[in-house]
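Close look at the chain arrangement
Below are the chains, spelled out letter by letter.
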Amino acid sequence: MSADPEIDIVIPVYGGWDFVRTCVRAALDQSVAARVIVVDDRSPDDTADRIEKAFPEVTLLRNEVNLGFARTCNVGMAAGDARLVMLVNSDVVLEPGAVAAAIAALPDDPASRIGSAATLLLAPDGSVDSYGIVADVTGAGFVRFHGAPLSAVHASVPPVLGPYGAVAVYRRAALDEVGTFDTNIFMYGEELDLAFRLRAARWGCVAITEPVGTHLGGASAGTESERQRRLSGFARGYLLRKYGVLRSRWGLRAVAVEAVVSVARLVLRRDLVSLRGRIEGWRRGAEAPRLPLPLDAVDATIDLRTSLRMRGDGYWAERA
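Fair warning: this is a prediction, and the values are worked out from it, not measured in the lab.

**What to know about empty space enclosed by the protein**
Applying the stated rule across the entire model yields 1 cavity of 30 Å³ or more. Looking at the largest cavity, its volume works out to about 50 Å³. Going through the elements one at a time, α6 (190-200) and β11 (204-215) are the ones with two or more residues in the lining of the largest cavity. Here the lining of the largest cavity takes 3 residues from α6, the largest share from any one element. For the lining of the largest cavity, a count of residues per class yields 6 nonpolar, 3 polar and 1 charged.

**What to know about the environment of R253**
In this structure, R253 sits in helix α8 (residues 251-269). R253 sits in the buried class, given a relative accessible area of 18%. In sequence terms R253 and R241 are 12 residues apart; their C-alpha atoms lie 15 Å from each other. R253 has contacts with D136, V137, T138, I302, D303, L304 and S307, leaving out every residue within four places of it along the chain.

**Things to note about α6**
For α6, the buried fraction is high: 10 of the 11 residues fall into the buried class. Inspection of α6 places E190, E191, L192, D193, L194, A195, F196, R197, L198 and R199 among the buried residues, and these make up the whole buried set. Where α6 ends, the next residue or the one after it, R202, has phi of about 70°, a positive value.

**With respect to the nonpolar core**
In terms of nonpolar packing, the biggest core is built from 33 residues, with I9, I11, M86, V88 and L94 touching the most fellow members. If sequence neighbours within four positions are ignored, M86 has contacts with I7, D8, I9, V10, L94, A98, V99, A102, V167, A168 and V169. If you look at the next biggest cluster of nonpolar residues, it comprises 20 residues, including V10, V85, A174 and L198.

Criteria and cut-off values
- Residues numbered from 1 in each chain as written.
- Predicted model: local features only at pLDDT ≥ 70, side-chain atom pairs only at ≥ 80, totals over all residues.
- Heavy atoms only, no water.
- 1 Å grid on protein atoms, 1.4 Å probe; cavity = no way out; pocket = protein on both sides within 12 Å on 5 of 7 lines; lining within 4 Å.
- Points joined across faces, edges and corners; volume = space filled by probe spheres on them.
- Helix = DSSP H or I, 4+ residues; strand = E, 2+ residues; numbered from the N terminus.
- Nonpolar A, V, L, I, M, F, W, Y, C, P; charged D, E, K, R; others polar.
- Buried < 20%, exposed > 50% of the residue type's maximum accessible area, 1.4 Å probe, protein only.
- Contact = heavy atoms within 4.5 Å.
- Core = buried A, V, L, I, M, F, W, Y, C linked by side-chain atoms within 4.5 Å.

In structure tokens form, the structure reads like this:
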């Protein structure tokens, strides 16, 4: 590894040695060397010990208590000093050229106001897992092109707001200006909030055109698990209050959508986990500084009907 790498790869870890091992190995086997920082978030197993033994060349940090995804990423970002930061979920396998693609997307230009890069990730079946995020006028975020065939993706249509958290690339100068992840969010929604803050500070986002890796998905909280539904509901309630959405001209629309979503969850899951998460997030939002939702960050073409359809798994495939 060069003495001063251009990029720090930060990998938050919470158990799951089998996929963590593959993730770390791929991060080390890049065509352009990077500093690899692994932060173990008090794993419930011996994953941290195994990392230390198998990969002595990485920087391994251990949280004394379980801090959650957002705080753990912040710990890793603070441990590096490269001009770029690449956050990589522990259930992602990077392509060998991922670091090179990130550096090319965010060149070393002090005058540049491109603060982040959205990465194109594939699912194990070859479909698109994610290609950045987009948001509607109520501040609801959606993963671009999830489930669509690779042939259907477009770098700028719909306009990309920011990177999706599975693999997110940031310019450190931008993070130094606006801060890192909001520590009130345990997991889910932290990259959406950061994207809003970056856009409000006039930092743009660019989309990397080639796939940079494969995302297995659901390794930390489990896909559609009770924990996942509660945490994602918390993030939605929290951001609604933080950005004053219910006091805006789109407040009634936001209330209507959240009511529909909560009822649908009640019918499908026969529990109130998502609703309780939203209530908890709303209450926690009282601690957050009030920020205006940056209007140039949202996609005003996403109407009410479309925003409801985008919450389904098949939207992007059907759109394609």
